[in-house]
Amino acid sequence: MSLYFDTAAKRPRGPRPAPAPVRAGAHPAATPAPGAAPASVRRPHLHRVDLIRDIAFLCVIVVHVIGVTYPFPGERPAFTQLVLHSTRAIFFFVSTFVLFHSVYHRPLRVRAFLGKRFRLLGVPYLLWSTAYWVLGDHPRIARDLPGALADLRGGIIWGGSWYHLYFLLVSLQIAALLPLFVKLVRATTGRHSLLLVATGVVQLAALIVLFHQTPLSGPLEWYRVHGGMLLPTYGFFVMAGALAAVHLDTFHAWVVGHTRTIWLGTLATLAVTLFWYRHTVAGGRDTATASMATQPVSLLWGPVAVLALYALATRWERAGGPVPSRRAAALGAQLAFGVYLVHPMILRLLELNGFAAALPWSAAVNTAVLVSVVALGSAAFTWLVAHTPLSPWLIGRERMRGRSAARPMPHPAPAPAGQQGGSTSFADPVVSNHASGA
């Protein structure tokens with residue numbers, strides 16, 4: 001069965017229905033007053049998004065640690081990296097999902113929105129680009145400062161100070177263009193499926209250029225070199241997140257009703273991805289190139305991975321687990337962006353001081369140990385910074401005060417099926433999407 005985004009796009013106009021009565025036991029914030037603007041209604045917190053973010057960022061750490069514990073990956077580690085590179089699809093899906101869920105049905109104050117996004121994304125991007133430049137370029141800084149400064153300038157322009165900073169650069173592009181995205185989605189009401197297909201075609205073209213084995217000419221070669229840092233390379237993932245938020249009830253109901261189909265589709269897509277990987281290696285590509293994140297097969301595997309993780313997180317949310325597990329997921333989501341920013345530095349320092357090389361077990365066990373050390377160290381650093389005035393500048397979130405992260409959860413309010421399972425506040429941490437700086 002297909003998932004359509006336009007099921008409720010066109011409805012015959014008629015007299016406006018009377019406001020529904022408040023059900024007994026309903027939370028006051030769940031029912032807007034007659035005539036109230038949509039902005040006055042607080043969106044329910046989606047715990048499933050917390051878990052999705054936690055899993056995605058943990059997978060990123062695994063990908064980067066594998067590059068250390070398997071310095072020249074063979075087929076299995078490289079294929080594992082290819083599979084886990086689906087986190088890029090998850091990142092950009094979640095980024096626009098939470099942004100659209102919070103701004104689409106209310107007036108968007110563009111100046112305030114952009115000011116906040118660039119403060120919580122742009123400043124950390126500049127600071128961490130400089131920090132990683134010092135870490136990676138320190139020998140050249142000592143002997144050739146002008147050349148090193150040229151490296152810093154190029155790193156800031158192209159997100160190349162370290163291998164993970166592309167995400168902040170693309171997120172800044174999303175923030176800058178979000179007002180236009182909102183207008184585009186509103187203007188294409190009733191044709192959102194076509195809009196999604198169009199962005200998919202654009203992304204496929206970008207991925208084909210990026211994965212081209214030999215140099216191209218003119219603008220295509222320019223894009224082959226720099227396209228990994230540019231929004232069109234991830235356009236389908238971005239638009240899918242936006243439209244899933246706009247049609248959340250339809251999207252959520254489809255996932256809940258087709259979980260078995262999603263699992264079967266995940267296994268089938270994994271098989272296709274493995275076939276593609278082996279075909280690429282047989283064609284002469286090395287394992288590092290064959291497992292790169294920006295290649296055509298990512299447009300197939302990435303969305304399926306998003307659906308699978310959303311289905312898994314939804315099942316966890318619907319199971320109504322204990323409050324401590326939800327608080328842990330929420331805290332993890334609050335810290336996730338900071339963990340993302342700092343973990344490559346911790347990993348690199350563990351390499352430089354010999355800790356990573358001294359691990360005495362098999363590569364698989366060493367990977368598990370190093371992932372644990374890097375994840376815990378990154379989380380501890382981020383938690384400490386989050387309680388200081390430096391929090392917005394270093395980890396892109398407002399300062400955590402006291403025990404705010406452990407506040408009791410308010411009584412859940414009634415909400416549509418796609419929005420159930422959380423507090424009446426959507427403001428923390430989902431709207432404060434640390435992955436997007438929102």
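Residues numbered from 1 in each chain as written. Predicted model: local features only at pLDDT ≥ 70, side-chain atom pairs only at ≥ 80, totals over all residues. Heavy atoms only, no water.

> Tell me about the packing of aromatic side chains, residues and numbers included.
Throughout the structure, instances matching the rule amount to 21 aromatic pairs. Note on Phe 91 and Phe 167: the rings are 4.8 Å apart at their centroids and 40° apart in plane angle, and the pair reads as tilted. Here Phe 167 lies in helix H6 (residues 166-187) and Phe 91 lies in helix H3 (residues 87-103), a separation of 76 residues in the sequence. Assessed through its relative accessible area of 3%, Phe 91 is described here as buried. Phe 167 gets classed as buried once you look at its relative accessible area, which sits at 0%. With centroids separated by 6.4 Å and ring planes inclined at 75°, the aromatic side chains of Phe 236 and Phe 237 adopt a geometry described as edge-to-face. Grouping residues by exposure puts Phe 236 and Phe 237 together as buried. One aromatic cluster in this structure is built from Phe 57, Phe 91, Phe 92, Tyr 166, Phe 167, Tyr 234 and Tyr 340. Sitting over the face of the ring of Tyr 104, Arg 186 holds its NZ or CZ atom 5.1 Å from the ring centroid. Directly above the aromatic system of Phe 211 lies the positively charged group of Arg 285, at a separation of 4.2 Å from the ring centroid. (Phe/Tyr/Trp six-rings, centres within 6.5 Å; stacked < 30°, edge-to-face > 60°. Helix = DSSP H or I, 4+ residues; strand = E, 2+ residues; numbered from the N terminus. Buried < 20%, exposed > 50% of the residue type's maximum accessible area, 1.4 Å probe, protein only. Lys NZ or Arg CZ within 6 Å of the ring centre and 35° of its normal.)

> A description of empty space enclosed by the protein should follow, citing residues and the corresponding values.
This structure, assessed with the given rule, holds two cavities of 30 Å³ or more. Taken as a whole, the largest cavity spans an internal volume of roughly 110 Å³. For the largest cavity, the lining is made up of 17 residues, of which His 85, Ser 86, Phe 237, Ala 293 and Ser 298 are closest to its centre. At the level of elements, H3, helix H7 (192-210) and helix H13 (298-318) are the ones that each hand at least two residues to the lining of the largest cavity. Here the lining of the largest cavity gets three residues from one element, more than from any other, and that element is H13. The class makeup of the residues in the lining of the largest cavity is eight nonpolar, eight polar and one charged. (1 Å grid on protein atoms, 1.4 Å probe; cavity = no way out; pocket = protein on both sides within 12 Å on 5 of 7 lines; lining within 4 Å. Points joined across faces, edges and corners; volume = space filled by probe spheres on them. Nonpolar A, V, L, I, M, F, W, Y, C, P; charged D, E, K, R; others polar.)

> Mind laying out helix H10 (residues 248-257), listing which residues take part and the relevant values?
Within an α-helix, residues lying three or four positions from one another point in the same direction, as the helix has 3.6 residues per turn. Among all positions of H10, only Leu 248, Phe 251, His 252, Trp 254 and Val 255 are buried. What you see down the axis of H10 is that its buried residues fit within an arc of 160°, all on one side. Next to the buried residues of H10 lie helix H1 (47-69), H3, helix H9 (235-246), helix H11 (259-282) and H13. (Arc of directions from axis to C-beta. Contact = heavy atoms within 4.5 Å.)

> Give a detailed account of the nonpolar core, specifying residues and quantitative values.
Core analysis: the biggest nonpolar cluster contains 89 residues, and Phe 92, Phe 97, Phe 100 and Leu 370 have the highest contact counts within it. Leu 82, Val 83, Ala 290 and Val 297 belong to the second-largest nonpolar core, a separate cluster that totals 10 residues. (Core = buried A, V, L, I, M, F, W, Y, C linked by side-chain atoms within 4.5 Å.)

> I'd like to hear about the layout of surface pockets, residue by residue, with values.
The computed volume of the second largest pocket comes to approximately 640 Å³. Looking at the lining of the second largest pocket, the elements that each hand over two or more residues are H1 and H3. No other element matches the four residues that H1 contributes to the lining of the second largest pocket. A breakdown of the residues in the lining of the second largest pocket according to their chemical character gives 13 nonpolar, 11 polar and one charged.

> Describe a nonpolar patch on the surface, and please don't skip the residues or the numbers.
Judged by side-chain polarity, Leu 127, Leu 390 and Trp 393 come together as a nonpolar surface patch covering roughly 270 Å² of accessible area. Turning to its location among the elements, Leu 390 is positioned in the loop between helix H16 (363-386) and helix H17 (391-395). For Leu 390, a relative accessible area of 47% translates into the label partly exposed. (Patch = residues over 30% accessible without salt bridge, like charges linked within 9 Å, V, L, I, M, F, W, Y side chains within 5 Å. Areas by Shrake-Rupley, 256 points an atom, 1.4 Å probe, with all protein chains shown as cover. Salt bridge = Lys/Arg side-chain N within 4 Å of Asp/Glu carboxyl O.)

> Break down the pattern of salt bridges for me, with residues and values.
The final tally for this structure, using the stated rule, is seven salt bridges. A salt bridge links Arg 119 to Glu 398; its shortest N-O distance comes to 2.4 Å. Of this pair, Arg 119 sits in helix H4 (residues 110-143) while Glu 398 is found in the segment after H17, placing the two residues 279 residues apart along the sequence. The exposure class of Arg 119 is partly exposed, given its relative accessible area of 27%. With a shortest N-O distance of 2.7 Å, Asp 151 and Arg 140 are connected by a salt bridge. Here Asp 151 is found in helix H5 (residues 145-158), whereas its partner Arg 140 is found in helix H4, with 11 residues between them in sequence.

> Now, about the environment of Thr 294: what can you tell me, with residues and values included?
Relative to the helices and strands, Thr 294 resides in the loop between helix H12 (287-290) and H13. Considered as a pair, Thr 294 and Leu 204 are 90 residues apart in the sequence and their alpha carbons are 9.9 Å apart. If near-sequence neighbours (up to four positions away) are discounted, Thr 294 is found in contact with Arg 88, Leu 207, Leu 210, Phe 211, Thr 233 and Tyr 234.

> I'd like a rundown of H7, residues and numbers included.
End to end, H7 covers 27 Å across 19 residues, agreeing with the expected 27 Å (1.5 Å per residue, within 8%). Within the span of H7, buried status applies to His 192, Leu 195, Leu 196, Thr 199, Gly 200, Gln 203, Ala 206, Leu 207, Val 209 and Leu 210. (Expected span 1.5 Å × (residues − 1).)

> Describe the side chain of His 252, with residues and values.
Position of His 252 relative to the elements: it lies in helix H10. There is a polar contact of 2.9 Å between the side chain of His 252 and the side chain of Tyr 310. (Polar contact = N/O pair within 3.5 Å; in protein donor to acceptor, adjacent residues only side chain to side chain.)

> Tell me about the environment of Phe 113, residues and numbers included.
Take Phe 113: it is sitting in helix H4. Classification of Phe 113 by relative accessible area gives buried; the value is 6%. Contact partners of Phe 113, with chain neighbours within four places excluded, come to Leu 99, Leu 108, Ala 175 and Leu 178.

> Could you give me a rundown of the packing of H6 against H9, with the residues and numbers involved?
For the pair H6 and H9, interaxial distance at closest approach is 12 Å and the crossing angle is 50°. By the criterion of interaxial angle, the relationship of H6 to H9 is oblique. Judged by the twist between their axes, the crossing of H6 over H9 is right-handed. The residues of H9 that touch H6, namely those facing Ile 174, Phe 181, Leu 184 and Val 185, are Val 238, Met 239, Leu 243 and Val 246. Within the contact of H6 with H9, the residues separate by chemical class into eight nonpolar, no polar and no charged. (Axes fitted to C-alpha atoms, helices over the stretch in contact; angles between N-to-C directions. Parallel < 35°, antiparallel > 145°, perpendicular 65-115°, else oblique. Left-handed = near helix turned anticlockwise from the far one by under 90°.)

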